[in-house]
Amino acid sequence: MNYFPDEVIEHIFDFIASHKDRNSISLVSKSWHKIERCSRKRVFIGNCYAINPERLIERFPSLRSLTLKGKPHFADFNLVPHEWGGFVHPWIVALAKARVGLEELRLKRMVVSDESLELLSRSFASFKSLVLVSCEGFTTDGLASVAANCRHLCELDLQENEIEDHRGQWLNCFPESSTALTSLNFSCLKGETNLAALERLVARSPNLESLKVNRAVPLDALTRLLSCAPQLVDLGVGSYENEPDQESFVKLMDAIKKCTSLRSLSGFSEVAPLCLTAFYPICQNLTSLNLSYAAEIQGNHLIRFIQFCKRLQRLWILDSIGDKGLEVVASTCKELQELRVFPSDLHDEEDNDTAVTEIGLVAISAGCPKLHSILYFCKQMTNAALITVAKNCPNFIRFRLCILEPNKPDHTTSQSLDEGFGAIVQACKGLRRLSVSGLLTDKVFLYIGMYAEQLEMLSIAFAGDTDKGMLYVLNGCKKMRKLEIRDSPFGNAALLADVDKYRTMRSLWMSSCEVTLGGCKRLARNAPWLNVEIINENENNDLMMERNEEDEREKVDRLYLYRTVVGARKDAPPCVTIL
Amino acid sequence: MEGCPRNICPKLLDLIPQGREWYHEENNNTDQEKKLELRLGPPGGYEEDRSAKKNTETRNNNIMKEQTEISSPSKNHLSPCNKANVSHISQKRTAPGPVVGWPPVRSFRKNLASTSSSKLGNESSHVSHINKNGDGVTQVEPKREGMFVKINMDSVPIGRKIDLNAYNSYEQLSFAVDKLFRGLLAAQRDTSSGEREEKPIIGLLDGKGEFTLTYEDNEGDKMLVGDVPWQMFISSVKRLRVIKSSEISSALRFGCRRR
């Protein structure tokens, strides 16, 4: 290879897209390292505190697309204080200062401010794509600056962010000359939408393929939007509490019939069942369907709809569909690859006849041979069912099971669910992500450590008996990257057994476990390349550092540790102590 | 490598049925369990504090009794450490009542079931969620928990849920009930004519309307809504029912609760 000039090698590298592969290439030799880093356009940073922007820019001067992740996963469930960190601002400042030709920015669980968005919009002339997932800290004013200043903007995708809606005219801020939009998603905005501005924008965007509106877009507006964008591939609709009158309904259905390219449908928070029927004409084309916000729709309406969706590959649904509904899915959706069943009624303490059980899960596993990803919330499970599922579906890559009641055993045998999950990890040799629940002893972790060779992410809650459980996992799962544990009896012995293991992992989260301050301090001393963060909401830094011997035995509320090449971060709030 | 006895193979494969029905009989499972050679030694004192947890105490005892200690070369000092901590852990793990961050769903999914009936409740929890202006409010859970109770209405097969914390008076409640059920009631009464007339549901509290609002209190008694001060009502109400005014005496007498 070294007989070729650099440009040729670079051209060959262009064909290699995956981050893992490119990282491997850069390790081959010095010259390959240099060619690779100078030609690298896309960089993925799984933990924004593992590196700093200056070093990133130094290594990859040709950067065009950056993906950053901030807060740990459990922040989704309110286990991380809001001010914990994950600020994107220093990154944007550094990239702007270095005049990087940034075109695409994708952020997950980061804090974004209007100031950041304004700076972003003014600093990168070729900026094309902004994707924000589960972020917070900004308002529609920030969106307005992006709309106004990013002249080549193609994609603005806002997924499940907390955005303060100033009910302003941000949609008006797209200049009339802006015609390049391919994707617009503002479904998470809670306020009113300027419908006229939206319609004009959609009308002048012939390349628009993905449009996801928020709840404030009523039926007649949706009809007009669909009429001027029949080329849509991906549609997210608003909220339609009241059933439409005859005329509106017919108009809507006519508009939908013309959307022959439509493959993906979502939205539907609060939708009257009749509105759903307007979409029947395109059901058979759908490959992706997300009805998981539609709490009002009863199971039978869902079933009737799904019966027509024979090409479905991805389905997100509420458990109101019931086991019977899942049996219908199993017999209809033979192409199904990913299924998520969310809980619909979390306040009901009584038994709910329409929730899903192990029966639905087994039916799906039997009927859908291509299934590889599942997230399943249910009230009960059995080992027998999990063993059957494992036998039916050895191709799982992601298997996340959440039994709503912590520590719940197999409801027919009252045993723990160790055997069931054991069967899953043994049969599914390609399993990369696993979440376990129900009554579990150390044994399940022995199985995981033994069989889950490809496992990269493991979520544990209310499980295990002793440190052995955690040790089985740390010792056995060679590819483990993210381990998150809550309310389980793992302590210092497990934490400290193999410090070097954390070099190979992105992060470890432990909350309400048995680790003590003393143990964490010892870890931090032995591993200076780790940031060991203690999160105690009622404490501040000074108190923490003054602790004497006795206090070191005190348990740590929340521990988050991650490898880093840039040492302790400087933006930690008072409730976070970095040891 | 410590703690990982690789030379012991649990007979997991025995558990994967070869073309058998997956409804095992119970004793089959126990036989399979016993075939597994691997045993894990529980820390002592583990069983005592599980009494807090209903249903699992005896089951756990059974599991523990089937297992014996592994003679592990290292980590014997683990046991005393865990013994001391286990009681604390058991309590933590088996604490009844709402647990922070559980089940693991995003906040906006938690209120889905009653979004339409309690937008007020949602907004307040949303505001407290992002209130981080340095007020010192760094809460983990939204301050205002919704108080959702079931509400059913005669002649409407589908029940609803209503967030009582969203209201401050009987009048507001009555108005909300009307809003919740008006459409559903009209749908039930829809005849062959295409037009559906939606009549407001009034007179719920004074006995003068076609329907009357009743509730079931924490003692299981069925009561008319409106007699006691609002706060007292809130503290004792368990579920609501809108019944035909004509049925009042029979409902209170024979009150049958359908699931």
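Residues numbered from 1 in each chain as written. Chains lettered and ligands numbered in written order. Predicted model: local features only at pLDDT ≥ 70, side-chain atom pairs only at ≥ 80, totals over all residues. Heavy atoms only, no water.

1. What to know about the overall build of chain A
Here is step 1: Of regular secondary structure, chain A possesses 21 helices and 23 strands.
Here is step 2: Over its C-alpha atoms chain A spans a radius of gyration of 25 Å, differing by no more than 12% from the 25 Å that the globule rule assigns to 579 residues.
Here is step 3: Projected onto the principal axes, the alpha-carbon positions of chain A cover approximately 75 × 65 × 55 Å.
Here is step 4: Counting all 579 residues of chain A, 62% fall into the buried class.
Here is step 5: Sequence-distant contacts in chain A: of pairs separated by 6 or more residues, those separated by 24 or more amount to 72%.
Here is step 6: When the accessible surface of chain A is summed, it comes to about 21700 Å², and 49% of that surface belongs to carbon and sulfur atoms.
Here is step 7: For chain A, the distance from the average position of its 68 positive side-chain charges to the average position of its 74 negative side-chain charges is 8 Å. (Helix = DSSP H or I, 4+ residues; strand = E, 2+ residues; numbered from the N terminus. Rg over C-alpha atoms; globule rule 2.2 N^0.38 Å. Buried < 20%, exposed > 50% of the residue type's maximum accessible area, 1.4 Å probe, protein only. Contact = heavy atoms within 4.5 Å. Areas by Shrake-Rupley, 256 points an atom, 1.4 Å probe, with all protein chains shown as cover. Lys, Arg positive; Asp, Glu negative; His and termini not counted. Charge placed at Lys NZ, Arg CZ, Asp CG, Glu CD.)

2. A word on the nonpolar core
Here is step 1: Counting 188 residues, the largest nonpolar core has Leu66, Leu184, Phe279, Phe399, Ile448, Leu495 and Tyr502 of chain A as its most contacted members.
Here is step 2: For Leu495 of chain A, the contacting residues outside a window of four places in its chain are Met470, Tyr502, Leu508, Met510, Val515, Gly519, Cys520, Leu523, Leu559 and Leu561 of chain A.
Here is step 3: With 28 residues, the next largest nonpolar core counts Ile162, Tyr167, Leu185 and Leu240 of chain B among its residues. (Core = buried A, V, L, I, M, F, W, Y, C linked by side-chain atoms within 4.5 Å.)

3. Topic: the packing of aromatic side chains
Here the distance between the centres and the angle between the planes together describe a pair of aromatic rings.
Here is step 1: On inspection of all chains with the given rule, the structure shows 23 aromatic pairs over all chains.
Here is step 2: Seen from their ring centres, Phe74 of chain A and Trp509 of chain A are 6.0 Å apart, and the 80° between their planes marks the pair as edge-to-face. Pair noted here: Phe74 of chain A is in the loop between strand 2 (65-69) and helix 5 (89-97) and Trp509 of chain A is in strand 20 (residues 507-511), with a separation of 435 residues, a long-range link.
Here is step 3: Phe74 of chain A sits in the buried class, given a relative accessible area of 6%.
Here is step 4: Accessibility expressed as a relative area gives 2% for Trp509 of chain A, which makes it buried.
Here is step 5: With a centroid separation of 5.3 Å and 80° between ring planes, the pair formed by Phe462 of chain A and Trp102 of chain B is classed as edge-to-face. In this pair, Phe462 of chain A is assigned in the loop between strand 18 (457-461) and helix 18 (467-476) and Trp102 of chain B in the loop between helix 3 (78-94) and helix 4 (107-110), connecting two distinct chains.
Here is step 6: The buried category is assigned to Phe462 of chain A, whose relative accessible area is 2%.
Here is step 7: If you follow Arg569 of chain A out to its NZ or CZ, it ends over the ring of Tyr49 of chain A, 4.5 Å from the centre.
Here is step 8: One residue, Arg569 of chain A, lies across the ring of Trp84 of chain A, its end atom 4.3 Å from the ring centre. (Phe/Tyr/Trp six-rings, centres within 6.5 Å; stacked < 30°, edge-to-face > 60°. Lys NZ or Arg CZ within 6 Å of the ring centre and 35° of its normal.)

4. Some points on the confidence of the model for chain A
Here is step 1: Averaged over all residues, the pLDDT of chain A equals 92, while 96% of them reach at least 70.
Here is step 2: Mean pLDDT values over the elements of chain A span from 54, in helix 21 (residues 541-545) of chain A, up to 98, in strand 17 (residues 433-435) of chain A. (pLDDT = per-residue confidence, 0-100.)

5. Some thoughts on helix 6 (residues 114-123) of chain A
All names here are of chain A.
Here is step 1: For helix 6, the set of buried residues is Ser116, Leu117, Leu120 and Ser121. Buried residues of helix 6, seen end-on, are gathered within an arc of 130° and therefore sit on one face of the element. Turned more than 90 degrees off the buried face of helix 6, the exposed positions are Glu115 and Arg122.
Here is step 2: Each element contacted by the buried residues of helix 6 is listed here: helix 5, strand 3 (104-108), strand 4 (129-133), strand 5 (136-139) and helix 7 (140-149). (Arc of directions from axis to C-beta.)

6. Some details on unusual backbone geometry
Here is step 1: For the bond running from Trp102 of chain B to Pro103 of chain B, omega is -5°, close enough to zero to count as cis.
Here is step 2: Within the secondary structure layout, Pro103 of chain B lies in the loop between helix 3 and helix 4.
Here is step 3: Even without glycine at this site, Phe462 of chain A takes up a positive phi of about 55°.
Here is step 4: A positive phi angle, near 50°, is found at Asp487 of chain A, a position not held by glycine.
Here is step 5: Following the sequence through the fold, Asp487 of chain A ends up in the loop between strand 19 (482-486) and helix 19 (492-496).
Here is step 6: With relative accessibility at 7%, the residue Asp487 of chain A sits in the buried group.

7. Quick look at the sheet that holds strand 4 (residues 222-224) of chain B
All names here are of chain B.
Here is step 1: Read across the open sheet, the 5 strands follow the order 2-1-5-3-4; overall the sheet is mixed. Where the open sheet ends on each side, the last strands, each with one partner, are strand 2 (156-163) and strand 4. Taken pair by pair, the neighbouring strands of this sheet meet at an average axis angle of 30°, ignoring direction.
Here is step 2: Sheet topology note: the strand 3 (residues 211-217)/strand 4 ladder contains 3 bridges and is antiparallel. (Pairing = 2+ DSSP bridges. Axes fitted to C-alpha atoms, helices over the stretch in contact; angles between N-to-C directions.)

8. Structural notes on the packing of helix 17 (residues 442-451) of chain A against helix 18 of chain A
Residue and element names in this part refer to chain A.
Here is step 1: Following both chains from N to C, one finds helix 17 and helix 18 inclined at 5°, their axes separated by 8 Å at the closest point. With respect to helix 18, the axis of helix 17 lies roughly parallel. In this structure, helix 17 uses Asp442, Phe445, Leu446, Ile448 and Gly449 to contact helix 18, whose residues at the interface are Lys468, Gly469, Tyr472, Val473 and Gly476.
Here is step 2: Classifying every residue of the contact of helix 17 with helix 18 gives 5 nonpolar, 3 polar and 2 charged. (Parallel < 35°, antiparallel > 145°, perpendicular 65-115°, else oblique. Nonpolar A, V, L, I, M, F, W, Y, C, P; charged D, E, K, R; others polar.)

9. Some points on the pattern of salt bridges
Here is step 1: Summed over all chains, the structure comprises 30 salt bridges over all chains.
Here is step 2: Among the ionic pairs, Glu176 of chain A bridges to Arg204 of chain A, the shortest N-O distance being 3.6 Å. Of this pair, Glu176 of chain A sits in the loop between strand 7 (162-164) and strand 8 (183-185) while Arg204 of chain A sits in the loop between helix 8 (195-203) and strand 9 (210-212), and the two are 28 residues apart along the sequence.
Here is step 3: Given a relative accessible area of 55%, Glu176 of chain A falls into the exposed group.
Here is step 4: Judged by its relative accessible area of 13%, Arg204 of chain A is buried.
Here is step 5: Taken together, the salt bridges that share partners define one network made up of Asp76, Arg109 and Glu160 of chain A together with Arg106 of chain B. (Salt bridge = Lys/Arg side-chain N within 4 Å of Asp/Glu carboxyl O.)

10. Some words on helix 18 of chain A
Here is step 1: A large share of helix 18 of chain A lies buried, amounting to 10 of its 10 residues.
Here is step 2: Restricting attention to buried positions, one finds in helix 18 of chain A the residues Asp467, Lys468, Gly469, Met470, Leu471, Tyr472, Val473, Leu474, Asn475 and Gly476 of chain A.

11. Considerations on the environment of Thr287 of chain A
Residues and elements named next belong to chain A.
Here is step 1: Within the element layout of this structure, Thr287 appears in the loop between helix 11 (273-277) and strand 12 (288-290).
Here is step 2: Classification of Thr287 by relative accessible area gives partly exposed; the value is 23%.
Here is step 3: Along the primary structure Thr287 and Thr413 are separated by 126 residues, whereas in three dimensions their C-alpha atoms are 39 Å apart.

12. As for the environment of Ile158 of chain B
Here is step 1: Tracing the backbone shows Ile158 of chain B in strand 2.
Here is step 2: What makes Ile158 of chain B partly exposed here is its relative accessible area of 31%.
Here is step 3: Sequence-wise, Ile158 of chain B and Ala186 of chain B are 28 residues apart; in three dimensions their C-alpha atoms are separated by 13 Å.
Here is step 4: Leave out the neighbours within four places in its chain, and Ile158 of chain B touches Gln298 of chain A together with Phe181 and Leu184 of chain B.

13. What to know about the confidence of the model for chain B
Residues and elements named next belong to chain B.
Here is step 1: Overall, the predicted model of chain B reaches an average pLDDT of 60, with 41% of residues at or above 70.
Here is step 2: Looking across chain B, the model is least confident in helix 5 (residues 119-129), with a mean pLDDT of 35, and most confident in strand 3, with 88.
Here is step 3: Taken as a whole, residues 115-144 scores under 50 in pLDDT and shows 59 contacts with residues more than four places along the chain or in a different chain.
Here is step 4: For the stretch residues 253-259, pLDDT sits under 50, and the model shows 9 contacts to residues farther than four places along the chain or on other chains.
Here is step 5: Both confidence scores are given for the complex: pTM 0.72, ipTM 0.85.

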